[in-house]
Amino acid sequence: MTESLTVLTALLPLGVFIVYQTLTNGNVYTTEKVDIEYDYIIIGAGSAGSVIANRLSEDPSIRVLILEAGGKENVVSDIPLAAAMIQQTPLDWSYQTEPQKAAGFGLINRRVRWPRGKVLGGSSVLNYMLYVRGNRRDYDRWEREHGAYGWSWRDVFPYFLKAEDNRDPLIANNGFAIPQGTIRRGARCSTSKAYLRTSSGRSNLDVLIFAFVTKIIFDENPRARAITYDKFGVQHTVFARKEIILCAGTVNSPQLLMLSGIGPRKYLKKLGIPVLVNLPVGKNLQDHIYPGALSYVVDQPVTAFLPRAFTLPNIIRYFTKGEGPLTLFGAVEGLGFIKTKFANITDDYPDIEIHFLSGSVVADIGNSFRSNQGITDELWEKVYAPYLGQDTFSLFPVLLRPESRGFIKLRSSNPYDAPIIDPCYLTKEKDILTIVDAMKKCLALAQTLPFRRFGTRLIFDVFPGCETYKPWSDGYLACLARTLTYTIYHPVGTCKMGDPRDPSTVVDPQLRVKGVAGLRVVDGSVMPTITSGNTNAPIIMIAEKAADMIRGINTVPLTH
């Protein structure tokens, strides 16, 4: 009896917190009653859409509707260390790529799992919360090489500052560093929390969840005038007086444009979709990938071994104080930006970002990570199963500026069919050469004294399919990279921004869709080229800047 009372007493703070969260986690006020017309309609309440909704609704004279296909966040999605556990749940679109020709050989059917947020806050609810602005050269290239005028570093820097509430005492750290992240008081801080919670109570903003937009409707001009959406099997139509703003992300934004008649003419006609504007929608797909083969065993209990992290004392400590191992960014505890031999040695433009994780695919004893990554049974049993229950860490070298380009296409004219996603990973030779050189640097890093003092040993069993290569030769490392090829969840580029005269662009530098009026795209799909770092921070910046464009506000660029 005494023992039971002790447990109940320990659980009391947790229970109080869960009740509180149940009552207030919704502090994004949603609506069931929608008007027939609004000034602005925002499609997608993710990393970008939440920002746009907040900023536009600051003007009480305009009315804004934002629609989200998913629902709300929950207590589990708030826990930073639980990031991987949210994948393949109702909060995730649970996409998969097409079978890869040059990558993913150790994955089921050679398909790479592509989690995307289907929830208020979008992928900022599923991601690993890392906040990285990218390199200033990324934005200068957007303007110089792609005609994205007004998007140089000098132009975008103020919008990073506008979005930030940085409380890191080591704010100036760079190179190899402890990562910064989108957390608040130890818990995940999605864009839903940061932007929608503070604005959804406004009388001029309606937030509609479980609303799946199926089409954008144009008048004869052609101007975007309305959208149709499905809510629990019932179709609805709502009109926009000023603009429709598409913030559905790199997968769903091009999908909806093509369903609405904006896309490659030949392809849309083949599907029986009337063509409104012939544009290269869905092309220019880019993503950050890494080889997942460099994991290590250590002989001390110093890693984020999940059975040891998710204990009652740690859970109570997290919920009551916002401290402890559950606050780790999905176990990412270090970042390093480095140059391979293929980078320009005279310029400050690293081409690899090393993610140091105090864990590996076996850190949860095979409960989530194995399924999330789609590892084949053969590879799991031969390479990883012997290490279950041991302390591990990983070094993941992320290819920052891949040359490989993929595409997104419609599978059919049915909006409920998941689109075809083919990133064409590692189809350009330079990509695999760069990754191999980066793997060598990671192998050397793990042999340094700070790692060796923990008894670091590489998880090494010859990977299935790589038996013909000499271990640790360039050919063997390339085989490892092509066997365990993972996304780090940064797809961009499918509605490319740039000079409107450029036939490869979909939107102009004001993010307006070419060939029509009253329609913009505001999300990661507009990036001409991927930024040199995790993409959530730049997407938030894009939304902040777009909001000022829409409102006609000119911000004086800062010099930095």
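Residues numbered from 1 in each chain as written. Predicted model: local features only at pLDDT ≥ 70, side-chain atom pairs only at ≥ 80, totals over all residues. Heavy atoms only, no water.

## Brief notes about the pairing of strand β18 (residues 392-399)
With eight of its eight residues buried, β18 lies for the most part within the structure. Burial along β18 is two-sided: the residues Thr 392, Ser 394, Phe 396 and Val 398 and Phe 393, Leu 395, Pro 397 and Leu 399 are all buried. In this sheet, β18 lies alongside strand β15 (residues 295-297) in antiparallel orientation, the contact comprising three bridges. Directly across from Val 297, in β18, lies its bridge partner Thr 392. (Buried < 20%, exposed > 50% of the residue type's maximum accessible area, 1.4 Å probe, protein only. Helix = DSSP H or I, 4+ residues; strand = E, 2+ residues; numbered from the N terminus. Pairing = 2+ DSSP bridges.)

## Regarding the pairing of strand β2 (residues 64-67)
Taking every second residue as pointing to the same face, both faces of β2 are buried, with Val 64 and Ile 66 on one and Leu 65 and Leu 67 on the other. The pairing of strand β1 (residues 37-43) with β2 spans four bridges and is classified as parallel. Its bridge partner lying in β2, Ile 41 is registered against Leu 65. As paired strands, β2 and strand β8 (residues 205-208) are joined by four bridges and run parallel to one another.

## Some details on the sheet that holds strand β5 (residues 176-177)
With antiparallel pairing, the six strands of this open sheet are ordered in space as β5-β16-β17-β18-β15-β21. Edge strands, defined here as strands with exactly one partner in the open sheet, are β5 and β21 (457-458). Sitting on the sheet, helix α12 (residues 429-445) is in contact with β5, β15, β16 (332-338), β17 (352-357), β18 and β21, with an inclination near 150° to β18. (Contact = heavy atoms within 4.5 Å. Axes fitted to C-alpha atoms, helices over the stretch in contact; angles between N-to-C directions.)

## Describing the side chain of Asn 135
Secondary-structure assignment places Asn 135 in the loop between β4 (113-114) and α3 (136-146). Since its relative accessible area comes to 12%, Asn 135 is described here as buried. Of note is the side chain of Asn 135, whose polar atom sits 2.9 Å from the backbone nitrogen of Arg 137. Leaving out residues up to four positions away in the same chain, Asn 135 has contacts with Asp 348, Tyr 349, Pro 350 and Ser 532. (Polar contact = N/O pair within 3.5 Å; in protein donor to acceptor, adjacent residues only side chain to side chain.)

## A look at a positive patch on the surface
A cluster of basic residues, Lys 266, Lys 270, Lys 283 and Lys 409, forms a positive patch at the surface. Here Lys 409 shows up in strand β19 (residues 407-409). Residue classification places Lys 409 among the partly exposed residues on the basis of a relative accessible area of 33%. (Patch = residues over 30% accessible without salt bridge, like charges linked within 9 Å, V, L, I, M, F, W, Y side chains within 5 Å. Areas by Shrake-Rupley, 256 points an atom, 1.4 Å probe, with all protein chains shown as cover. Salt bridge = Lys/Arg side-chain N within 4 Å of Asp/Glu carboxyl O. Lys, Arg positive; Asp, Glu negative; His and termini not counted. Charge placed at Lys NZ, Arg CZ, Asp CG, Glu CD.)

## Focus on the pattern of salt bridges
For the structure on display, the rule yields 28 salt bridges. Note that Asp 35 and Arg 63 form a salt bridge whose closest N and O atoms lie 2.2 Å from each other. Separated by 28 residues along the polypeptide, Asp 35 in the loop between α1 (2-24) and β1 and Arg 63 in the loop between α2 (49-56) and β2 bring together distant segments of the chain. What makes Arg 63 partly exposed here is its relative accessible area of 22%. What you see here is one network of salt bridges that share partners, running through Arg 55, Glu 58, Lys 162, Glu 544, Asp 548 and Arg 551.

## Some points on the confidence of the model for the protein
On average, residues of the protein score 92 in pLDDT, and 93% of them are at 70 or above. Here residues 16-26 is a poorly scored stretch, pLDDT under 50, and it has nine contacts once near neighbours within four places are set aside; other chains count. (pLDDT = per-residue confidence, 0-100.)

## A few points about α2
With eight of eight residues buried, α2 lies mostly within the body of the structure. Of all the positions in α2, only Gly 49, Ser 50, Val 51, Ile 52, Ala 53, Asn 54, Arg 55 and Leu 56 are classed as buried.

## Observations concerning α12
Helix length check: α12 (17 residues) gives 25 Å between terminal C-alpha atoms against 24 Å at 1.5 Å per residue, within 8%. Listed in full, the buried residues belonging to α12 are Asp 431, Ile 432, Thr 434, Ile 435, Val 436, Asp 437, Ala 438, Met 439, Cys 442 and Leu 443. Structurally, α12 contributes buried residues whose contacts are with β14 (289-291), β15, β17, β18, β21 and α14 (474-483). (Expected span 1.5 Å × (residues − 1).)

## Thoughts on the packing of aromatic side chains
The tally for this structure, following the rule as stated, stands at 22 aromatic pairs. Judged by centre distance (5.9 Å) and plane angle (35°), the ring pair of Trp 153 and Phe 160 falls under tilted. The exposure class assigned to Phe 160 is buried, which follows from its relative accessible area of 0%. Pairing Phe 393 with Phe 451 gives two aromatic rings, centres 5.1 Å apart and planes at 20°, and the pair type is stacked. On the criterion of sequence distance, the pair formed by Phe 393 in strand β18 and Phe 451 in helix α13 (residues 449-452) is long-range, its members being 58 residues apart. Per residue, the accessibility class of Phe 393 equals that of Phe 451, and both read buried. Lys 118 extends its terminal NZ or CZ atom over the ring of Trp 93, reaching a point 4.5 Å from the ring centre. We note Lys 409 situated over the ring of Phe 407; from NZ or CZ to the ring centre the distance is 5.0 Å. (Phe/Tyr/Trp six-rings, centres within 6.5 Å; stacked < 30°, edge-to-face > 60°. Lys NZ or Arg CZ within 6 Å of the ring centre and 35° of its normal.)

## Observations concerning the state of the cysteines
One pass over the structure, following the stated rule, counts one disulfide. The disulfide partner of Cys 466 is Cys 479, and the gap between their sulfur atoms is 2.0 Å. Sign of the S-S torsion, about -90° for the bond between Cys 466 and Cys 479, identifies this disulfide as left-handed. Of the two residues, Cys 466 is situated in the loop between β21 and α14 and Cys 479 in helix α14; the sequence distance between them amounts to 13 residues. Each of the two residues, Cys 466 as well as Cys 479, counts as buried. In this structure Cys 189 is a free cysteine whose sulfur lies 18 Å from that of Cys 247, the closest cysteine sulfur available. (Disulfide = S-S within 2.5 Å.)

## A few points about the packing of α12 against α14
Orientation of α12 relative to α14, taken along the N-to-C sense of each, is 105°, at an axis distance of 9 Å. Taken as axis vectors, α12 and α14 run roughly perpendicular relative to one another. Within the contact between the two elements, α12 uses Ile 432, Ile 435, Val 436, Met 439, Lys 440 and Leu 443 and α14 uses Asp 474, Leu 477, Ala 478, Leu 480, Ala 481 and Arg 482. Of the residues belonging to the contact of α12 with α14, the class tally is nine nonpolar, no polar and three charged. (Parallel < 35°, antiparallel > 145°, perpendicular 65-115°, else oblique. Nonpolar A, V, L, I, M, F, W, Y, C, P; charged D, E, K, R; others polar.)

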